[in-house]
There are 2 protein chains.
Amino acid sequence: MFNVKTVEETFEIIKEKFICMSFEYEEVSILDSINRVLHENVYSEENIPSFNKSTVDGYAVKAKDTFGASESMPAQLKLVPEVKMGITPEFVLNEMESCYIPTGGELPKGADSVVMIEYSEDYRDGFIYLNKSVAPGNGVIYCGDDVKNGDLVIVEGTVIKEKHVAVLASLGYEYIKVRKKPVVGIISTGDELISIGEKPVGSQVRDINSYALSVLVKSCGGDFKSYGIVKDIFAELQAVVDKAILECDIVIISGGSSVGVKDQTLKVIEDIKESEILVHGIAVKPGKPTILAKATGKPVVGLPGHPGSAFFIFKVFMERLIKQMLGQKDRDSNRNSIEVECLISQNYPSNHGREEYVAVKIQENIATPLHGKSGLIRLLADSSGFIRIGKNSEGLLKGEKVKVQIW
Amino acid sequence: MFNVKTVEETFEIIKEKFICMSFEYEEVSILDSINRVLHENVYSEENIPSFNKSTVDGYAVKAKDTFGASESMPAQLKLVPEVKMGITPEFVLNEMESCYIPTGGELPKGADSVVMIEYSEDYRDGFIYLNKSVAPGNGVIYCGDDVKNGDLVIVEGTVIKEKHVAVLASLGYEYIKVRKKPVVGIISTGDELISIGEKPVGSQVRDINSYALSVLVKSCGGDFKSYGIVKDIFAELQAVVDKAILECDIVIISGGSSVGVKDQTLKVIEDIKESEILVHGIAVKPGKPTILAKATGKPVVGLPGHPGSAFFIFKVFMERLIKQMLGQKDRDSNRNSIEVECLISQNYPSNHGREEYVAVKIQENIATPLHGKSGLIRLLADSSGFIRIGKNSEGLLKGEKVKVQIW
């Protein structure tokens, strides 16, 4: 019944089928650009610094005038008026002359270096006494040394972080073009589901996925549109899915746990015009009954109803899909995909033939697997992230190195 | 002139002087709670699951009725009506009876385990044939096994992540109390500064810090209020600082690079009623001329004007201060303080007696120091994060393990 794909096959399908989708852009203030994906190459339109700049508080000199200077035999240079911040000095420094210059001040013409103030004595006799020699270029950063006019500074597809805002500000960008966020429609289906504000009666459970998937979508750069809970009725689900496909860039349906629901989700997806089922079942634990389809050019995804399984599948497959659709260059540069290396606290057997995801708690570089049965809350609340055990592995040995993806 | 403190002394001062500041709380939707700091302990007001729940698709049984079952000798049990999702079964399962139950369905009274559907044969003769024995509890998660009514699930002071939203949704929390964000006033001072939209003339430079510090403040849970650029004039700076102290919870003044400005910032801070200078100079490179004061109970901070230095000092000291003022329990649990272990690519000498911060670029677990001179753009744009070289170290040897704080 299932047409099961491996993790690698699924990755390959995601890469092939959805790579060409390009999003529109919007302009945002650099103050609002954190975690957005840059839509344009950022070039410098100036030399930076735009002038020869002192990197220290001290005295501008011609280096050769300091050669041989020492504490016992300081160089004695005639003091000329000091350099002021933000003002280009109009004089030329002549031989055997020096002037005070603050950090960030512009080096006067004729000077080629700066002696730090610590190595000077000012006896207020019209001269400055410098007890250290410098080489040309000491204490100075030259015009264009940091960035040259026309240099490519940040490439399109970069995820903007705080450091980039400093860079953009220094280049004079107040606004930048970033990719529009893909809108992800989120649908929960299951007769047992109630909204989270309600008190469960009998064997009802709250609709966790609408909330968890929404914040997961936001964390990797998307916007969500929630369609709430839909009963396990074909026509109802079909109507909501059709609407979501029209309104969104990606549609996620997380199924109830009742048997047949997955098939119904599948039937609804198959029923969409021009739909193509790409994956029906992934060889993973948990989360095997995952569906990936393409309908009217958009990804339509059926996630397991169990919120724990849906969480894993989202982290492994959906983040990849969304980042790819955003054209994010370095898929791992988001803060939501940080990996840390740990040692596993115990032997952990795993089934050959499928990839397994195990939530772990990290304490001082030791990762302890959390056994969740089908529990959810303790598993998520106590875990630091999860590890992936490859499909060809028979498990992990105590003390083995593992990579934990933090969540 | 400086009253220089070590890094540890400064940390200690931050801890002692600002630990008691408590912020008000606000209620937010769990959908808007990511990266906020929880203001309340979150308890479960229910058992979860709230019923004995099947964790598999299969057949509910009394385990003892399956004992001895095998493929050649299956257990033959009378089929009774199936369990429906979300509905509590009203019947009691008797000896030698079984019923279909979906994953997530409620176990009928009398049953103690579930045999997976894979181990069953249904010949439509009114019986189900089970070819595997189970022990009581197999395929079932009991009421309260995940969380019990009254359990503490998430502690106050936790930084909310996506996994917590899943947990909060399952506990029925639509809204939660989070700490109000501390408002950080940001003032740039320096005669050479122009706003970033302007084109620098002569030795003017753009006001990078207003932007960089604003997004850094946001990244660690604060709100910013920007006071723009103030000229190096005592009365003007004083007026803006006084206003900022009234309106904000923390005030940051990033000085121009001109000599005497730091002293002026210092004088302005000293002039505030009931102000106390706690630190004037930290034994670090870069960023030595940092000021930390307490005025009318609030932190007032003088940061270096150089945006690179200000960036480092913010990451090391200001994030700590803001997180502490937010009462964040685990200071390192923010995504902006992820550390990864790398090997250093080359020998790196460092000066004894002060802690040094070095920007590095990471490639495949190798950290390469970036030599910035006083350049800024390449240093920030190309770096992955930074390392700290302790004050008692004389530097690093090629291949040595280092911890890189990602930025």
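Coordinates for the structure precede this section.
It should be emphasised that the depicted structure is a prediction, and the values quoted were computed from it without experimental measurement.

Caption draft 1: Broad picture of unusual backbone geometry. All names here are of chain A. At the junction of Lys 285 and Pro 286, the peptide bond is cis and its omega measures out at -5 degrees in the coordinates. Here Pro 286 is to be found in the loop between β19 (284–285) and β20 (291–295). Despite not being glycine, Glu 274 shows a phi value in the positive range, around 60 degrees. Take Glu 274: it is sitting in the loop between α5 (261–271) and β18 (276–280). Judged by relative accessible area, which is 66%, Glu 274 ranks as exposed. A positive phi is found at Asn 365, a non-glycine position, where the angle reads about 70 degrees. Within the secondary structure, Asn 365 is located in the loop between β24 (355–363) and β25 (366–369). Residue class for Asn 365 comes out partly exposed when judged on its relative accessible area of 45%.

Caption draft 2: Quick peek at the packing of helix α1 (residues 7–18) of chain A against helix α6 (residues 307–325) of chain A. Residues and elements named next belong to chain A. The N-to-C vectors of α1 and α6 enclose an angle of 20 degrees; their axes lie 10 Å apart at closest approach. When the axes of α1 and α6 are compared, the pair comes out roughly parallel. As α1 packs across α6, the resulting crossing turns out to be right-handed. Two secondary-structure elements touch here, α1 through Val 7, Thr 10, Phe 11, Ile 14, Lys 15 and Phe 18 and α6 through Val 316, Phe 317, Arg 320, Leu 321, Gln 324 and Met 325. Residues belonging to the contact of α1 with α6 are distributed by class as follows: eight nonpolar, two polar and two charged.

Caption draft 3: Here's a closer look at the pairing of strand β13 (residues 183–189) of chain B. All names here are of chain B. Across the seven residues of β13, six count as buried, placing the element largely inside the fold. Note: β13 against strand β16 (residues 223–230), six bridges, orientation parallel. Along β16, the bridge assignment pairs Thr 189 with Val 230. Two elements, β13 and strand β17 (residues 250–254), share five bridges in a ladder whose sense is parallel. By the bridge assignment, Ser 188 is partnered in β17 with Ser 254.

Analysis parameters
- Residues numbered from 1 in each chain as written.
- Chains lettered and ligands numbered in written order.
- Predicted model: local features only at pLDDT ≥ 70, side-chain atom pairs only at ≥ 80, totals over all residues.
- Heavy atoms only, no water.
- Helix = DSSP H or I, 4+ residues; strand = E, 2+ residues; numbered from the N terminus.
- Buried < 20%, exposed > 50% of the residue type's maximum accessible area, 1.4 Å probe, protein only.
- Axes fitted to C-alpha atoms, helices over the stretch in contact; angles between N-to-C directions.
- Parallel < 35°, antiparallel > 145°, perpendicular 65-115°, else oblique.
- Left-handed = near helix turned anticlockwise from the far one by under 90°.
- Contact = heavy atoms within 4.5 Å.
- Nonpolar A, V, L, I, M, F, W, Y, C, P; charged D, E, K, R; others polar.
- Pairing = 2+ DSSP bridges.

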